[in-house]
Each structure stands twice: as C-alpha cells, then as structure tokens.
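Secondary and tertiary structure notes
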Amino acid sequence: LLSLRLNAQVTEQMTLEKMRFNILKIDKAIKSTKSKIKRIRDAQFLPDLYLTLAELYVTKSKFRYALKIAENDDNPLDELDFTFEKRLKQESIDTYDLLIDKFPKYRDRDKAIFFKAHEQRELGLLNEMVGTYNVLTREYPKSPFWSESQIIIGDYYFNQRKKVDFAKEVYERILKKPLSAFTPLAYYKIGWCYINQGKFFKAFSSFEKVLLKFKKVNLLDLPKNLRKISTDLCVFLSVLLRQLRRY
C-alpha cells in the first residue's frame, strides 16, 4: 500500500484530465516503440528499444495506479482492484526478461536487471526479487547498482526472513568495497543487526562509524529515496550517541 501511495504522490498535483492525457501519450509511445522494434534492421539498437518499452509500461502503470486512486478517493486502497495495473508491471518484467536473455552483452544489462527486480518488489514477488538482485550482484560486481542491491537483499533477510546473521553478512559486503555513500548506510544496518543479537557495544561502535563515514561521502550519490532517510539518520544518531555517552 505504501508504494501505491508514493505512486499517487507523484501525480497528486495533476488533474484527472492531465493524467488521462499523459496515459494516451504513453500509449502512443508504446505503439510507436513496438513498431520500431518490428521494423528496425540494425540489431544494435534493439536492446535500447526494449529498455524504453519496459520503462513505458512502468510509467503507464504508475499513472494508472494514481488515476484509479484519484477516481476512487472515497474508497479504501485495499478495496480497489489493481489487476490491470499489475498486469502492466508484469509486462515490463517480461520485457526486461526478453532484453536480459536476448542481449547478454548489452551495456545497460545490469540496469535492466535492477529495474526488473524493482518491479518484482512492487508486485510483492520478494523471493523472485532477491533472486534477480543476486544475479546482478554476482554478474556485475562493479555495477553502480551493486551496493543498493546489497542493501535491499540485506533488508529482505533482516525484515522478512528474520535471518539477522545473514543480513549482517550481506551488509558487510558493502564495507569491503571502496568508500561510497552506501558505506555509512551499511554501518547503520549492521548496528541494528548487533542490537538484535544483543551486542550493544558493537552496535554503539557501528553507529559511531555511521557519523564518521557520513562526513566523508556525498549523500547526493545516493538514490533520491535514500537521501532524506540518510540525513534523518545522521540527526537521530547524533542525538542518540550523545545521550548514550553520558552513561
């Protein structure tokens, strides 16, 4: 339900007419892209077209979700039928699959794998999502999506599977990489793993490293959805550690 609300927020400033107009534009773009895929003679441009098509399905799905919510704003979200919107997301996944399987040397194949996993996550296909992120981290250790994928995998094992020890191992993989904006976030996640293990002094040390590492990285390198979270963490941990040092 949270992802549905976020999708709705993206378009909350739009009128219903504007959303419907945008959906019509996307439909035309989908039709045009499909036509280009059928007519294109130079195969080197095909993967770009498939990536575009998948992203169009995703965008249309977001607008359709938002439109349905706006048209039924008096109804609880869990009473709305999002079958068609979910089908669009599945079409995007199928298109990513086609691209991933058919073009193993495509320069943005890691991006397609990452986006596919995101859509699986949106559909609640968490086991499949983890499998997809694992493919990315295994095949593309230098991908710009590698660290974020590890964070999501770790969160899955921490939150859904309650496998704290394994989640900590996943977060620690990020610490073996060069310092990045994900490093302090990994330390924060590891700190909570220690708390769940009852290792409070190690948790305290890990939280201290969060603040130390944050000073050395640029939060703008994080995805937008993680920037504010990381900023809030800094404020929270600064207050928490200051209080704990008194004891």
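Presented here is a report on the structure given in the accompanying data block. (Residues numbered from 1 in each chain as written. Predicted model: local features only at pLDDT ≥ 70, side-chain atom pairs only at ≥ 80, totals over all residues. Heavy atoms only, no water.)

Along its length, the protein chain carries eleven helices and zero strands. Starting at the N terminus and walking to the C terminus, you meet the elements of the protein chain as α-α-α-α-α-α-α-α-α-α-α. For the protein chain, the proportion of its 247 residues judged to be buried stands at 43%. Of the contacts formed within the protein chain by residues at least 6 apart in sequence, a portion of 57% connects residues at least 24 apart. Roughly 14,500 Å² of accessible area belongs to the protein chain as shown, and the carbon and sulfur atoms make up 54% of that amount. (Helix = DSSP H or I, 4+ residues; strand = E, 2+ residues; numbered from the N terminus. Buried < 20%, exposed > 50% of the residue type's maximum accessible area, 1.4 Å probe, protein only. Contact = heavy atoms within 4.5 Å. Areas by Shrake-Rupley, 256 points an atom, 1.4 Å probe, with all protein chains shown as cover.)

Turning our attention to the nonpolar core. One finds Tyr96, Leu99, Met129, Tyr133, Tyr171 and Phe182 to be the most contacted residues of the largest nonpolar core, which totals 60 residues. For this core, the element with the highest residue contribution is helix α3 (residues 46-71), accounting for twelve residues. Contacts of Tyr133, omitting those with residues within four sequence positions, involve Phe114, Ala117, His118, Ser149, Ile152 and Ile153. (Core = buried A, V, L, I, M, F, W, Y, C linked by side-chain atoms within 4.5 Å.)

Turning next to unusual backbone geometry. The backbone phi angle of Lys162 is positive, close to 60°, even though this residue is not glycine. By the secondary structure assignment, Lys162 is in the loop between α7 (146-160) and α8 (164-175). You can call Lys162 exposed: its relative accessible area is 62%.

Mapped onto the elements, Ser92 comes out in helix α4 (residues 83-102). Since its relative accessible area comes to 0%, Ser92 is described here as buried. Excluding residues within four positions of it along the chain, Ser92 makes contact with Ala54, Tyr57, Val58 and Glu119.

To continue, consider the environment of Cys193. As for its position among the elements, Cys193 is in helix α9 (residues 182-196). As for Cys193 and Val164, which are separated by 29 residues in sequence, their C-alpha atoms are 5.8 Å apart. Each residue touching Cys193, except ones within four places of it in the same chain, is listed here: Phe158, Val164, Ala167, Lys168 and Tyr171.

Along the chain, Glu119 falls in helix α5 (residues 109-122). Accessibility expressed as a relative area gives 3% for Glu119, which makes it buried. Sequence separation of Glu119 and Lys89 is 30 residues, and the distance between their C-alpha atoms is 6.4 Å. When neighbours within four sequence positions are excluded, Glu119 is seen to be in contact with Val58, Lys89, Ser92, Ile93 and Tyr96.

Just geometry here; none of it tells us what the structure is for.
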